Amino acid sequence: MTPHRIGNVVAAPPQRAPSSLLRGLAWSLVLSVTLTLVLAWPVVRSPRTMVFGREIAGRHHDPFTVMQHFESGGAAAPYRQPVTDVAGAWLAAKIGAAPSYNILVLLSFPLTTLATYLLGIYLFGSPFGAAAAALLFTFAPAHVAQASYHVHVAQTQWLAFYLLALCACVDRPTALRCTALLASVAGLALSNDYGGLTGAVMTPLALPIYWASRGRERTWPGLLIPAATLAMALTAGVLLIMRSAPVLLTARER
């Protein structure tokens, strides 16, 4: 937006009030929670005996295998996906395996809405556009289908948080934003293996494309510092795998 002139005074363009952004976030979360309750009402009523999505996907062993892992403290190395497994095991110790599984599945919907809304607001500044994108991504068929039997893959909120941290670091690569980028990478990769793979495949394109789209606002540190930060994270991850679970680098299948 360009400044406008009032008499001889150049006034700054009107800014979007923070209250409108918060209202958009609130309404997005209300709609997300409401739609989640509608989709999963039988599970909400009977969280110990029902699993989300059985009527959609049919019977599948994965949810029950994951519940067994939660009861035993999470999957064993090298198949452990710590962010999700630790949360599931902690909840299972408090309320049981089936409710903990259902909580992690259902929470992925409002959390994905929250993360995607923040990403949309950061990129475009439109509460309506951010809300629309958040709800469309949250209830995309791919997410609903994965939530039916893959609790780890259903944690799509980490992908949106990662993209938000990446864009913010490109725009202003401060120490705090680099730290947030590393935290989001850890959340993405350690919540589920497929999230880490998605980030690894997407980043070599997403990073330079977003940097180039900044036009005159782009800087070389905005490209090089995030790239170096991600390269260090990747190197540390590979070294950790070589030390603790080298089979992941050599096995043809899991």
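Here goes a summary of the coordinates provided. It should be emphasised that the depicted structure is a prediction, and the values quoted were computed from it without experimental measurement.

In this section: helix 4 (residues 62-71). Those residues of helix 4 that sit buried are Asp-62, Pro-63, Val-66, Met-67 and Phe-70. Each buried residue of helix 4 lies within a common arc of 135 degrees when the element is viewed along its axis, so the set occupies one face. Residues of helix 4 that are exposed and angled more than 90 degrees away from the buried face: Gln-68 and Glu-71. Tucked inside the fold, the buried residues of helix 4 contact helix 5 (82-95) and helix 6 (97-124). Taken from the residues just after helix 4, Gly-73 is the one with a positive phi, measuring 100 degrees.

Going through the model one piece at a time under the given rule, you end up with two salt bridges. Asp-171 is the salt-bridge partner of Arg-214, the closest N and O atoms lying 2.9 Å from each other. With Arg-214 in the loop between helix 11 (193-213) and helix 12 (220-244) and Asp-171 in helix 9 (residues 157-171), this residue pair connects regions lying 43 residues apart in the sequence. On the basis of relative accessibility, which here comes to 26%, the residue Arg-214 falls in the partly exposed class. By relative accessible area, Asp-171 is classed as partly exposed at 26%. Between Arg-214 and Glu-217 there is a salt bridge, with the nearest N and O atoms lying 2.8 Å from each other. The class of Glu-217 is exposed, set by a relative accessible area of 57%. Bridged by salt links that share partners, the residues Asp-171, Arg-214 and Glu-217 form one connected network.

Turning our attention to a nonpolar patch on the surface. A cluster of nonpolar side chains, Val-33, Leu-37, Trp-41 and Val-44, forms an exposed patch at the surface whose accessible area comes to about 330 Å². Broken down by secondary-structure element, the contributors of at least two residues to the nonpolar patch are helix 1 (18-39) and helix 2 (41-45). Looking at where Val-44 falls in the secondary structure, it is placed in helix 2. Classification of Val-44 by relative accessible area gives partly exposed; the value is 33%.

Counting through the fold element by element, Ser-108 comes out in helix 6. With residues near it in sequence (within four places) discarded, Ser-108 still touches His-143, Ala-154, Gln-155 and Gln-157.

The next thing to look at is helix 9. Taking 1.5 Å as the rise per residue, helix 9 with 15 residues should run 21 Å; its terminal C-alpha atoms sit 22 Å apart, in good agreement. Extensive coverage of helix 9 is indicated by the burial of 11 of its 15 residues. Within helix 9, burial applies to Gln-157, Leu-159, Ala-160, Tyr-162, Leu-164, Ala-165, Leu-166, Cys-167, Ala-168, Cys-169 and Val-170.

Here we come to the packing of aromatic side chains. Using the criterion set out here, one finds four aromatic pairs in the structure. Taken together, a centroid distance of 5.5 Å and an interplanar angle of 20 degrees make the contact between Phe-109 and Phe-139 stacked. In this pair, Phe-109 sits in helix 6 while Phe-139 sits in the loop between helix 7 (127-138) and helix 8 (141-147), placing the two residues 30 residues apart along the sequence. Note on accessibility: Phe-109 and Phe-139 belong to one class, buried. Here the guanidinium or amino end of Arg-218 rests over the ring plane of Trp-211, the centre of that ring lying 5.3 Å away.

Attention now goes to the environment of Trp-211. Counting through the fold element by element, Trp-211 comes out in helix 11. Trp-211 sits in the buried class, given a relative accessible area of 12%. Sequence spacing of Trp-211 and Asp-171 is 40 residues, and the spatial spacing of their C-alpha atoms is 7.9 Å. Filtering out sequence-adjacent residues up to four positions away, Trp-211 remains in contact with Val-170, Arg-218, Thr-219, Trp-220, Gly-222 and Leu-223.

This brings us to the nonpolar core. If you look at the biggest cluster of nonpolar residues, it comprises 22 residues, and the most contacted ones within it are Phe-52, Tyr-101 and Val-105. Among all residues touching Tyr-101, those that are not within four sequence positions of it are Val-51, Pro-63, Val-66, Met-67, Phe-70, Tyr-149, His-150 and Val-151.

Turning to the packing of helix 1 against helix 7, a few remarks are in order. Two elements in contact, helix 1 and helix 7, have axes whose closest approach is 9 Å; the angle formed by their N-to-C orientations is 25 degrees. Here helix 1 is positioned roughly parallel relative to helix 7, judged by the angle of their axes. The handedness of the crossing between helix 1 and helix 7 is right-handed. Counted together, Ser-20, Leu-21, Ser-28, Leu-31 and Ser-32 of helix 1 and Pro-127, Ala-131, Leu-135 and Thr-138 of helix 7 form the full contact between these two elements. Of the residues contributing to the contact of helix 1 with helix 7, the split by class is five nonpolar, four polar and no charged.

Rules of the game
Residues numbered from 1 in each chain as written. Predicted model: local features only at pLDDT ≥ 70, side-chain atom pairs only at ≥ 80, totals over all residues. Heavy atoms only, no water. Buried < 20%, exposed > 50% of the residue type's maximum accessible area, 1.4 Å probe, protein only. Helix = DSSP H or I, 4+ residues; strand = E, 2+ residues; numbered from the N terminus. Arc of directions from axis to C-beta. Contact = heavy atoms within 4.5 Å. Salt bridge = Lys/Arg side-chain N within 4 Å of Asp/Glu carboxyl O. Patch = residues over 30% accessible without salt bridge, like charges linked within 9 Å, V, L, I, M, F, W, Y side chains within 5 Å. Areas by Shrake-Rupley, 256 points an atom, 1.4 Å probe, with all protein chains shown as cover. Expected span 1.5 Å × (residues − 1). Phe/Tyr/Trp six-rings, centres within 6.5 Å; stacked < 30°, edge-to-face > 60°. Lys NZ or Arg CZ within 6 Å of the ring centre and 35° of its normal. Core = buried A, V, L, I, M, F, W, Y, C linked by side-chain atoms within 4.5 Å. Axes fitted to C-alpha atoms, helices over the stretch in contact; angles between N-to-C directions. Parallel < 35°, antiparallel > 145°, perpendicular 65-115°, else oblique. Left-handed = near helix turned anticlockwise from the far one by under 90°. Nonpolar A, V, L, I, M, F, W, Y, C, P; charged D, E, K, R; others polar.

That is the geometry; function is a separate question.
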